[in-house]
Amino acid sequence: YGDHRDLHRLIRRQRQMCIRDRIKYAAIRFSQYFEQEDRIAVIAFSDRLQVLQDWTNNHKKLRKSLKRLKRGYRTAMYDALLATSREKLNKIPGKKVIILLTDGLDNESKSDYREVLDSLIESNTALYIVSRTRLVKSKIASSTRVEFLDRVMKNVLHDDASFVDLYFRMKEATMNHLAKTSGGRVLYPQELRALGSTYMQIARELKTQYVLTFLPAAVGKREFRHIQVRCSREIGQIYHREIYRTP
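Here is a short report on the structure shown in this document. All of these numbers come straight from a predicted model, not from anything done at the bench.

The rules behind the values
Residues numbered from 1 in each chain as written. Predicted model: local features only at pLDDT ≥ 70, side-chain atom pairs only at ≥ 80, totals over all residues. Heavy atoms only, no water. 1 Å grid on protein atoms, 1.4 Å probe; cavity = no way out; pocket = protein on both sides within 12 Å on 5 of 7 lines; lining within 4 Å. Points joined across faces, edges and corners; volume = space filled by probe spheres on them. Helix = DSSP H or I, 4+ residues; strand = E, 2+ residues; numbered from the N terminus. Nonpolar A, V, L, I, M, F, W, Y, C, P; charged D, E, K, R; others polar. Core = buried A, V, L, I, M, F, W, Y, C linked by side-chain atoms within 4.5 Å. Buried < 20%, exposed > 50% of the residue type's maximum accessible area, 1.4 Å probe, protein only. Contact = heavy atoms within 4.5 Å. Axes fitted to C-alpha atoms, helices over the stretch in contact; angles between N-to-C directions. Parallel < 35°, antiparallel > 145°, perpendicular 65-115°, else oblique. Left-handed = near helix turned anticlockwise from the far one by under 90°. Expected span 1.5 Å × (residues − 1). Salt bridge = Lys/Arg side-chain N within 4 Å of Asp/Glu carboxyl O. Polar contact = N/O pair within 3.5 Å; in protein donor to acceptor, adjacent residues only side chain to side chain. Pairing = 2+ DSSP bridges.

**Comments concerning the layout of surface pockets**
Reasoning step 1: The space that makes up the second largest pocket amounts to roughly 1400 Å³.
Reasoning step 2: Lining the second largest pocket are 39 residues, with Tyr210, Val211, Leu212, His240 and Arg241 positioned closest to its centre.
Reasoning step 3: Elements with a contribution of two residues or more to the lining of the second largest pocket: strand E3 (96–102), helix H4 (113–122), strand E4 (125–131), helix H8 (195–207) and strand E7 (243–245).
Reasoning step 4: Considering each element in turn, the lining of the second largest pocket owes the most residues, 3 residues, to E7.
Reasoning step 5: Among the residues forming the lining of the second largest pocket, the class breakdown is 20 nonpolar, 11 polar and 8 charged.

So, in C-alpha cells, the structure goes:
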C-alpha cells in the first residue's frame, strides 16, 4: 500500500483542493448575484498582494482568475487591506465593499489596525469578513506544538484558561470592531460547506441596503466623527458605519 506518509500527503492535498474548490464556488455564486453595472476585483494575499483580476463584470474572467488562487504560507492581512482600500478603492465613486476571507491571523504585516481602519473610513469602504476562525480553531488547538505551548502558558500564568481560546477571542473581537466600525460585519461559517450560503447572505444584504445621508456641521479642519443610527421601530439588528470623516 506504500508509505503511510505518502497517503497522509495525498489526503492533505485533497483537503486543500477541497477548500480551494469551495472558496471558488462561493466566490463565483457571489459574483453572479450582481448586476451588469457592478464591478468585482479578485485579490489574493499571503506575504504580498496579487491582483488576480482587476475590476470587471465578466463572469468568465472571474472564474478564470479564481483558478490561479494558490495557498500562501505567510499572512499580511493588514497590509493587504491597506493597499486595497488606498490603491484600488480610494478614488472609485459609489458604494464600495471589501469581502475578506480570512482566519484572522496576521504574521507579516508592517501596517497596523489603526492605519487600516482610518483608510477604510477615508475611502468610504465597508468591510465584510468571512471568518474561518471557527473552522480552523479546533485543528490548531489539537496540534502537538500548540498543545505544548498552551500548557506552558498555563504554567507561566498560573491560569487554567486556554491560551488558544483567549487568542482566538482577541482575534475575533478585533475583526468584529474593524468590520462593524466601517459599516460591515463578520460572519462565522461553522462548516466548510457553509461558505457558499455565507457569501450569498452577504450578496443579498448588499443588494437590499439603504443609503442615508446628512450634512455635518462645518468645521475648520478635517476630522473623524462618530455616528449612530437608530430606528423608532423594532426591525432587528441595524448595521451601519460608526465613524466618518468630515469633508
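So much for the structure itself; the text now carries on.
**Section: the nonpolar core**
For soluble globular proteins, the rule of thumb is that nonpolar side chains tend to be buried together.
Reasoning step 1: Of all hydrophobic cores here, the largest spans 22 residues; its most connected members are Phe30, Phe34, Tyr128, Leu195, Tyr199, Ile202 and Leu206.
Reasoning step 2: Within the residue set of this core, elements represented by two or more residues are helix H1 (4–32), strand E1 (40–45), helix H2 (59–66), E4 and H8.
Reasoning step 3: Residues in contact with Leu206, not counting those within four places in the same chain, are Phe30, Phe34, Lys95, Val97, Ile99 and Tyr128.
Reasoning step 4: If you look at the next biggest cluster of nonpolar residues, it comprises 20 residues, including Leu81, Leu82, Ala179 and Val186.

**Comments concerning the packing of H4 against helix H7 (residues 163–182)**
Reasoning step 1: For the pair H4 and H7, interaxial distance at closest approach is 9 Å and the crossing angle is 20°. In this view, H4 runs roughly parallel relative to H7, as classed from their interaxial angle. Viewed along their axes, H4 and H7 form a crossing whose handedness is right-handed. Facing Tyr113, Val116, Leu117, Leu120 and Ile121 of H4, the residues of H7 in contact are Thr174, His177, Leu178, Thr181 and Ser182.
Reasoning step 2: Its residues assigned to classes, the contact of H4 with H7 shows 6 nonpolar, 4 polar and no charged.

**A word on H7**
Reasoning step 1: Here H7 is 20 residues long and its end C-alpha atoms lie 29 Å apart, about the 28 Å a rise of 1.5 Å per residue gives.
Reasoning step 2: Taken from the residues just after H7, Gly183 is the one with a positive phi, measuring 105°.

**What about the pattern of salt bridges?**
Reasoning step 1: Applying the stated criterion across every chain, the model contains 10 salt bridges.
Reasoning step 2: A salt bridge links Arg245 to Glu122; the nearest nitrogen and oxygen atoms lie 2.6 Å apart. Placement of the pair is Arg245 in strand E7 and Glu122 in helix H4, with a sequence separation of 123 residues.
Reasoning step 3: Classification of Glu122 by relative accessible area gives partly exposed; the value is 27%.

**Focus: the side chain of Lys88**
Reasoning step 1: Relative to the helices and strands, Lys88 resides in helix H3 (residues 77–89).
Reasoning step 2: Engagement of the side chain of Lys88 in a polar contact is seen with the side chain of Asp54, the distance being 2.8 Å.
Reasoning step 3: Setting aside residues no more than four positions away along its own chain, Lys88 makes contact with Ile43, Asp54, Trp55 and Ala83.

**A word on the sheet that holds strand E5 (residues 186–187)**
Reasoning step 1: Within the open sheet, the 3 strands sit side by side as E3-E4-E5. Their pairing is parallel. Lying at the two open borders of the sheet, with one neighbouring strand each, are E3 and E5.
Reasoning step 2: Of the strand pairs in this sheet, E4 and E5 are connected by 2 bridges, and their pairing is parallel. Opposite Ile129, over in E5, you have Val186 as the bridge partner.
Reasoning step 3: Where H7 meets the sheet, its contacts fall on E3, E4 and E5, and the angle it forms with E4 comes to roughly 145°.
Reasoning step 4: Sheet contacts for H8: E3, E4 and E5; angle to E4, the most-contacted strand, approximately 160°.

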